[in-house]
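What the coordinates show
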Amino acid sequence: MKNNIPTRWKLASVSALVISLLGLSACSQTPTAVTTQTSLVPETLVTSPNDDREYATMTLPNGINVILVSDESVEKSAAALSVGVGLLQDPMTQQGMAHYLEHMLFLGTEKFPDTNEYTEFMTQNGGQHNAYTWLDITNYMFKINNDAFPEALDRFSDFFKAPKLYPEYTEKEINAVNAEWSMRREMDFFGQFKLARKMMGEHPANRFLIGNLETLGDKENSKLHPETVAFFEQYYSANIMNVAMIANRPLAEMKMLATNYFADIPNKNIPDPDVTDTLDLSQVGGKRVHYAPNQDVKQLNLDFTIRNNMADFAVKPNQYLAYLLYSEMPGTPAQLLRDKGWVSSFTAGAAPNQYGNYGTFYVNIELTDLGMQHREEIVALVMQYIDLIREEGVDQKYFNEIRTSLQNQFTFLEKGDEFGYVSNLAAAMQDYPLTNAINAGFTYAEFDEQAINNVLAQLTPETLKVWYISQQEKTDSQLHFYDGKYRIVDITDAEIATWQQPSEIAMNLPKVNTLLPENFKVFDLPDELKAQPKIVFDEAGIKVWQFASQDFPDQPKGLAKIYVNNPDNLSNIKNEVLLSIWADLYDLQTAALATEASIAGMNMSFSALNGFELTLNGFTDKQAALLENALTALEIDITEQGFAQAVDRYVRNITNAGKAFPINQVINKYRELVRSGVYSEEDLIATAQSLTVSDLQQVLQSTLANNQVRIFAFGNYAQADVQAMVAKLRAILPEQRTVTEYARSGRWAPQTGEVLVYQKDIDVADVALIDMHVHPQKGVAQRAQGLILQSHFRTVAFDKLRTEEQLAYAVGGFAPAIDDYTGLGLYIQTPVKGPADMQARFAAFKTEYAKALAEMTPELFGQLKNAALVSLKEQPKNLSDEVGPFIADWYQEKFSFDTQDKLIAAVEKVTLDDIKDFYQQTMLNPTAARLNIQLRGTKFVDKAFADLPNQTLITDVSELKAIMQYQ
């Protein structure tokens with residue numbers, strides 16, 4: 001089971017995810033008593049040498065610890081407050097309580113009683129807000145324009161002092177929580193995570209995390225509203241809260257703000273809500289779990305239950321052992337099993353506080369069909385390798401390597417977005433000493449052999465669950481709350497005995513990493529390269545743009561994109577499929593190189609576009625060596641077995657996409673429908689299954705022999721480095737090479753009166769819709785108008801359709817750019833309405849919103865416009881932020897590199913009448929081009945699709961070529 005809990009699965013609002021997917025601007029454990037050696041805990045807050053911001057820590061009179069960050073460069077301020085309470089404290093009579101309370105806190109307070117006031121205030125001031133609940137924490141956060149920060153703190157802090165907890169909103173918020181559960185009930189991760197906790201018996205981790213209509217509500221001996229109030233009164237105490245704030249204000253002023261708004265949160269002096277229940281390992285370990293997932297995956301996971309050792313963060317025993325286990329160096333299990341063709345992915349790690357006082361150490365393996373036939377042998381090999389580590393692997397040389405890697409990362413640590421930063425800080429303050437909140441993940445204070453051996457002593461058959469995960473598993477039980485079937489059996493003594501035999505395969509521990517940087521020299525690059533990207537090489541179909549960082553010139557890092565552009569896959573489905581298979585095989589065969597590079601502070605990726613793109617980024621010292629190895633690997637070794645396995649993965653990836661969140665499916669379908677060169681899933685699968693090794697070899701040769709090469713080099717590259725890139729690339733290209741025209745996918749050119757409707761049944765329960773109208777005129781002025789309007793449109797849609805009517809958890813509005821055109825649309829994933837009924841509600845909402853827009857005051861418009869401008873003008877936080885707009889223009893051949901500047905200028909000119917007209921020309925315009933996507937889930941197969949006037953019905957994306965025109 002995947003036990004390392006990704007942040008994206010925490011119970012938080014999906015709005016940010018949806019906005020990101022649509023390409024727009026923008027619901028761990030309170031530790032047991034920390035016993036970290038006092039000598040390893042610094043006296044003051046540790047920050048990166050690369051961080052020029054001012055910091056302060058303080059403890060308020062009520063016991064709240066606070067981290068303050070003063071950064072005069074930020075255009076937006078942010079704050080987060082974490083509470084050390086979560087699922088582990090849910091009453092058994094109201095499972096999901098912590099999560100439900102998180103929802104309720106947003107719906108008004110004594111000082112600000114209007115249920116929509118907080119959301120509206122955020123929208124008007126360029127803000128975003130969210131919260132999430134997990135087993136041991138509930139974390140709330142927001143980000144807003146600088147001038148609105150004090151008012152936002154006033155509203156935010158009142159959640160924790162005097163929430164209204166309106167009884168009349170009880171049913172509505174239960175429905176919201178239920179809709180969130182409905183989104184996740186078919187997700188294999190949540191099913192497996194629930195089963196792992198179910199095996200823990202009476203341990204508090206064995207509760208239903210999310211909550212739904214069954215677990216939340218009035219029962220014979222439990223009334224929801226009184227229990228909600230009681231839960232808040234019991235656990236929302238200042239002494240288990242932490243706050244993080246970042247703003248452009250001086251520290252002295254920030255201290256006053258923290259004191260003014262957070263010091264009067266009541267301190268009830270409650271004991272830390274730690275978990276002390278002891279597990280019966282005979283019920284948890286020594287088991288094999290056969291799990292039949294919804295997605296077509298083939299996985300083998302080793303899941304060891306370990307004691308919570310968060311207090312050992314400064315000596316990192318878990319990371320040390322994971323480092324040895326996931327190594328791809330020659331002679332390690334990952335490399336040996338890949339070479340046998342048994343595995344396609346091999347990872348290891350730990351979540352030491354996953355269940356409160358217990359955690360997990362895991363090895364997760366993606367299998368091939370051949371590997372499915374050797375699962376017991378693979379488990380034996382891993383267990384034998386762990387024995388090898390016990391015997392030979394606890395060695396200071398690996399400590400030195402890991403520490404060097406972590407020190408390099410921390411020394412040149414880049415800033416991130418304020419919203420994420422305060423959220424992560426507030427969470428870290430729950431887990432680590434206050435002074436280590438920033439550097440806990442990077443500090444490796446000393447080599448502690450005993451700490452490593454303590455973990456090794458727990459990696460035994462007695463603590464082990466082996467997960468066999470595939471659709472071929474024989475099962476005898478069905479999970480409650482999630483769509484997962486399983487069977488649990490004891491691992492036999494005979495099998496365990498095989499693990500204790502000498503391995504039949506020669507294994508060894510990893511060799512030393514050769515890519516760790518040694519030189520952090522920063523080149524003094526010409527000023528002309530800092531203004532915008534410049535062409536520094538143009539010869540024989542190879543063109544190089546170089547761009548130096550203006551905002552972060554002291555970073556010894558760079559990003560290089562080598563794009564070998566070939567037009568064939570836009571019109572040839574075989575090329576489309578074969579390039580994806582090539583990328584898969586390349587990733588597999590360069591896994592060792594990529595892992596070594598990652599440890600050294602570099603990343604490499606290979607992706608199939610129109611042709612292929614090789615991207616390198618990170619420290620530049622050893623990038624030349626990495627590039628040479630990466631380019632040499634383009635000539636991949638192709639075997640019949642390896643090719644067949646790649647085809648199998650390709651087909652399963654396509655079919656598994658049909659098991660994703662409906663909201664994700666509808667957004668991905670939107671992306672497909674507005675661009676050219678797209679093929680149906682059925683055609684892609686049929687094509688993949690018809691291909692041969694010879695076909696792949698031909699495409700490799702053709703792509704390398706027929707192309708146009710474009711290179712984008714950003715950051716710390718000297719002229720000689722760029723020249724070396726070109727020379728290395730030329731060395732692998734054929735002498736007889738044809739230079740082709742640059743090719744990129746076209747984007748839909750919407751036509752007056754065009755109504756395109758896509759309808760499809762999907763293999764998950766809910767319904768998902770997108771309904772978008774396109775402004776008939778193209779240009780940056782329309783893009784600017786849509787940008788200002790979308791935040792208000794999205795907020796009103798969310799408040800009406802989600803908060804008031806409880807039609808969905810994921811719902812909102814968006815104003816996408818379709819190259820030079822701009823649209824305005826609604827999106828939703830609903831568990832309560834069929835497509836026709838939901839479309840009818842969309843239609844009514846469009847009219848309702850028109851009335852709200854007509855009543856918009858100049859003051860409100862001014863706030864919305866200012867919010868858009870502040871967001872557009874935000875200074876980059878890191879190298880990626882800085883280069884992002886330029887890379888986007890580069891792909892689109894906008895070589896003046898001024899798209900962002902033009903958009904800012906256009907936004908400054910927008911008036912209130914302009915956005916009213918924009919709405920009239922899109923949502924209320926009967927002749928505006930329209931794209932409507934309806935995905936009907938299994939729960940609604942008896943409900944009709946919606947038919948629209950003058951529609952052209954699309955059931956297969958392959959039909960688009962005959963229907964759509966492209967820009």
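Residues numbered from 1 in each chain as written. Predicted model: local features only at pLDDT ≥ 70, side-chain atom pairs only at ≥ 80, totals over all residues. Heavy atoms only, no water.

Within the chain, the regular secondary structure consists of 33 helices and 28 strands. Radius of gyration (C-alpha) of the chain: 28 Å, near the 30 Å computed for a compact globule of 967 residues. Dimensions along the principal axes, computed over C-alpha positions, put the chain at roughly 80 × 75 × 60 Å. Counting over 967 residues, the chain shows a buried share of 61%. Accessible surface, the chain: about 36,100 Å² in total, of which carbon and sulfur atoms supply 48%. (Helix = DSSP H or I, 4+ residues; strand = E, 2+ residues; numbered from the N terminus. Rg over C-alpha atoms; globule rule 2.2 N^0.38 Å. Buried < 20%, exposed > 50% of the residue type's maximum accessible area, 1.4 Å probe, protein only. Areas by Shrake-Rupley, 256 points an atom, 1.4 Å probe, with all protein chains shown as cover.)

Within the structure shown, the criterion is met by 48 salt bridges. The salt bridge partner of Asp819 is Arg744, with a shortest N-O separation of 3.3 Å. A residue pair is termed long-range when its members are at least 10 positions apart, and Asp819 in the loop between strand E25 (817-818) and strand E26 (821-830) and Arg744 in the loop between strand E21 (738-739) and strand E22 (755-761) qualify at 75 residues. Asp819 gets classed as partly exposed once you look at its relative accessible area, which sits at 23%. You can call Arg744 partly exposed: its relative accessible area is 30%. A cluster of three or more residues bridged by salt bridges with shared partners is formed by Lys143, Asp417, Glu418, Glu874 and Lys877. (Salt bridge = Lys/Arg side-chain N within 4 Å of Asp/Glu carboxyl O.)

Under the 1.5 Å per step criterion, the end-to-end length of helix H29 (residues 858-873) is 22 Å for 16 residues, consistent within 8% with the ideal 22 Å. Burial in H29 covers these residues: Leu860, Phe861, Leu864, Lys865, Ala867, Ala868, Leu869, Val870 and Leu872. Among the structural elements, strand E4 (76-83), helix H3 (117-124), strand E6 (138-145), helix H27 (780-804), helix H31 (899-909) and helix H32 (912-921) are those in contact with the buried residues of H29. (Expected span 1.5 Å × (residues − 1). Contact = heavy atoms within 4.5 Å.)

Moving on to the nonpolar core. By size, the foremost hydrophobic cluster in this structure holds 144 residues, and its most contacted members are Phe142, Phe160, Tyr236, Met245, Phe262 and Trp748. It is helix H15 (residues 418-431) that contributes the most residues to this core, eight residues altogether. Listed in part, the 57 residues of the second largest apolar core include Val564, Ile581, Leu593 and Leu626. (Core = buried A, V, L, I, M, F, W, Y, C linked by side-chain atoms within 4.5 Å.)

A few words on the pairing of E26. Counting buried residues along E26, ten of its ten residues qualify, which places the element largely inside the surrounding structure. Burial along E26 is two-sided: Tyr821, Gly823, Gly825, Tyr827 and Gln829 facing one way and Thr822, Leu824, Leu826, Ile828 and Thr830 facing the other are all buried. In this structure, strand E23 (residues 767-774) lies alongside E26, joined through eight bridges in antiparallel fashion. Its bridge partner being in E26, Val774 is matched across the sheet by Gly823. Alignment of strand E24 (residues 810-814) against E26, held across five bridges, turns out to be antiparallel. Each bridged residue has a counterpart across the sheet, and for Phe814 the counterpart in E26 is Gly825. Here E25 runs beside E26; their pairing, made up of two bridges, is antiparallel. (Pairing = 2+ DSSP bridges.)

On to the UniProt feature "domain: Coenzyme PQQ synthesis protein F-like C-terminal lobe" (unreviewed entry) in the chain, then. Within this structure's numbering, the places UniProt gives as "domain: Coenzyme PQQ synthesis protein F-like C-terminal lobe" (unreviewed entry) are residues 790-883. For residues 790-883, helix accounts for 60% and strand for 18%, while the C-alpha atoms at its two ends are 25 Å apart. (UniProt positions renumbered as here; feature names shortened; annotations may be inferred.)

Attention now goes to the sheet that holds strand E12 (residues 464-469). Within a beta sheet, neighbouring strands are joined by backbone hydrogen bonds and run either parallel or antiparallel to one another. Strand order in this open sheet of seven strands is E10-E11-E9-E12-E8-E14-E13, and the pairing throughout is mixed. Both outer strands of the open sheet, strand E10 (343-351) and strand E13 (477-478), are each paired with one neighbouring strand and no more. Pairing between strand E9 (residues 299-307) and strand E11 (residues 358-367): nine bridges, direction antiparallel. Residue pairing for E11: Asn301 is matched across the bridge by Asn364.

On to the packing of helix H2 (residues 97-105) against helix H5 (residues 170-184), then. One can describe the packing of H2 onto H5 by two numbers: an axis separation of 10 Å at closest approach and a directional angle of 120°. When the interaxial angle is binned, H2 and H5 end up oblique. Helix-helix and strand crossings are classified by hand; for H2 and H5 the assignment is right-handed. Side by side, H2 and H5 meet where His99, Tyr100, His103 and Met104 of the first sit next to Thr170, Glu173, Ile174, Ala176, Val177 and Glu180 of the second. Looking at side-chain class alone, the contact of H2 with H5 contains five nonpolar, three polar and two charged residues. (Axes fitted to C-alpha atoms, helices over the stretch in contact; angles between N-to-C directions. Parallel < 35°, antiparallel > 145°, perpendicular 65-115°, else oblique. Left-handed = near helix turned anticlockwise from the far one by under 90°. Nonpolar A, V, L, I, M, F, W, Y, C, P; charged D, E, K, R; others polar.)

Turning our eyes to something else, we now look at the packing of aromatic side chains. The description of two aromatic rings rests on the distance between their centres and on the angle between their planes. One pass over the structure, following the stated rule, counts 54 aromatic pairs. With a centroid separation of 5.3 Å and 35° between ring planes, the pair formed by Phe410 and Phe442 is classed as tilted. Of this pair, Phe410 sits in helix H14 (residues 396-411) while Phe442 sits in the loop between H15 and helix H16 (449-456), and the two are 32 residues apart along the sequence. On the accessibility criterion, Phe410 (10% relative accessible area) is buried. Given the relative accessible area of 21%, Phe442 is considered partly exposed. Each ring, one from Phe814 and one from Tyr827, has its centre 6.2 Å from the other, and the planes form 55°; the classification is tilted. Here the residue Phe814 occupies a position in strand E24, and Tyr827 occupies one in strand E26, the gap between them amounting to 13 residues. Following the ring pairs from residue to residue traces out a cluster consisting of Phe106, Tyr118, Tyr140, Phe142, Phe149, Phe156, Phe159, Phe160, Phe232, Tyr236 and Phe262. (Phe/Tyr/Trp six-rings, centres within 6.5 Å; stacked < 30°, edge-to-face > 60°.)

With their axes 10 Å apart at the nearest point, H3 and H27 run at an angle of 170° to one another. Classified by the interaxial angle, the pair formed by H3 and H27 is roughly antiparallel. For the pair H3 and H27, the contacting residues are Thr119, Glu120 and Thr123 in the first and Ser791, His792, Thr795 and Asp799 in the second.

Right, let's get into the environment of Gln471. Within the element layout of this structure, Gln471 appears in the loop between E12 and E13. The exposure class assigned to Gln471 is partly exposed, which follows from its relative accessible area of 37%. Each C-alpha atom of the pair Gln471 and Gln295 lies 7.7 Å from the other, and the pair is 176 residues apart in sequence. Residue contacts for Gln471: discarding those within four places in its chain leaves Pro293, Asn294, Gln295, Asp296 and Val297. Reaching out from Gln471, the side chain makes a polar contact with the backbone oxygen of Gln295 at a distance of 3.4 Å. (Polar contact = N/O pair within 3.5 Å; in protein donor to acceptor, adjacent residues only side chain to side chain.)

Next up on the list: helix H4 (residues 149-158). For H4, the buried fraction is high: nine of the ten residues fall into the buried class. Listed in full, the buried residues belonging to H4 are Phe149, Pro150, Ala152, Leu153, Asp154, Arg155, Phe156, Ser157 and Asp158. Contacts from the buried residues of H4 go to E4, H3, E6, strand E7 (241-247) and helix H8 (251-262).

This next bit is on unusual backbone geometry. Despite not being glycine, Asn269 has its phi angle at roughly 50°, a positive value. Within the secondary structure, Asn269 is located in the loop between H8 and helix H9 (281-284). Notably, Gln806 is not glycine yet its phi reads approximately 55°, a positive angle. Residue classification places Gln806 among the buried positions, given a relative accessible area of 7%.

Here the focus is the environment of Ile469. Within the secondary structure, Ile469 is located in strand E12. Its relative accessible area of 0% is what places Ile469 among the buried residues. A sequence separation of 40 residues divides Ile469 from Met429, and the C-alpha atoms of the two residues are 36 Å apart.

Residue placement: Asn206 occurs in the loop between helix H6 (188-198) and helix H7 (224-235). For Asn206, a relative accessible area of 18% translates into the label buried. Here the side chain of Asn206 touches Lys194 through a polar contact of 3.1 Å, side chain to side chain. For Asn206, the residues in contact, after removing those within four places along its chain, are Lys194, Arg197, Lys198 and Gly201.

Regular strands have side chains that alternate between both faces of the sheet. Burial of strand E3 (residues 65-70) is extensive: five of the six residues sit out of reach of the surface. In the sheet, strand E2 (residues 54-59) pairs with E3 via six bridges, with the strands oriented antiparallel. Considered in E3, the bridge of Glu54 is made with Ser70. Joining the antiparallel neighbours E2 and E3 is a turn of five residues, in which Gly63 adopts a positive phi near 100°.

Looking at the chain as a whole, the pLDDT averages 94, with 96% of positions reaching at least 70. For the stretch residues 1-9, pLDDT sits under 50, and the model shows 34 contacts to residues farther than four places along the chain or on other chains. Contacts for the low-pLDDT stretch residues 28-36, under 50 throughout, to residues beyond four places or in other chains number 32 contacts. (pLDDT = per-residue confidence, 0-100.)

Let us look at the environment of Arg737. Tracing the backbone shows Arg737 in the loop between helix H26 (719-732) and E21. Taking C-alpha positions, Arg737 is 52 Å from Asp71, a pair spaced 666 residues apart along the chain. What Arg737 contacts, discounting residues up to four positions off in sequence, is Ala540, Gly541, Ile542, Leu704, Ala705, Asn707, Gln708 and Val709. In terms of polar contacts, Arg737 uses its side chain to reach the backbone carbonyl oxygen of Gly541, at 3.0 Å.

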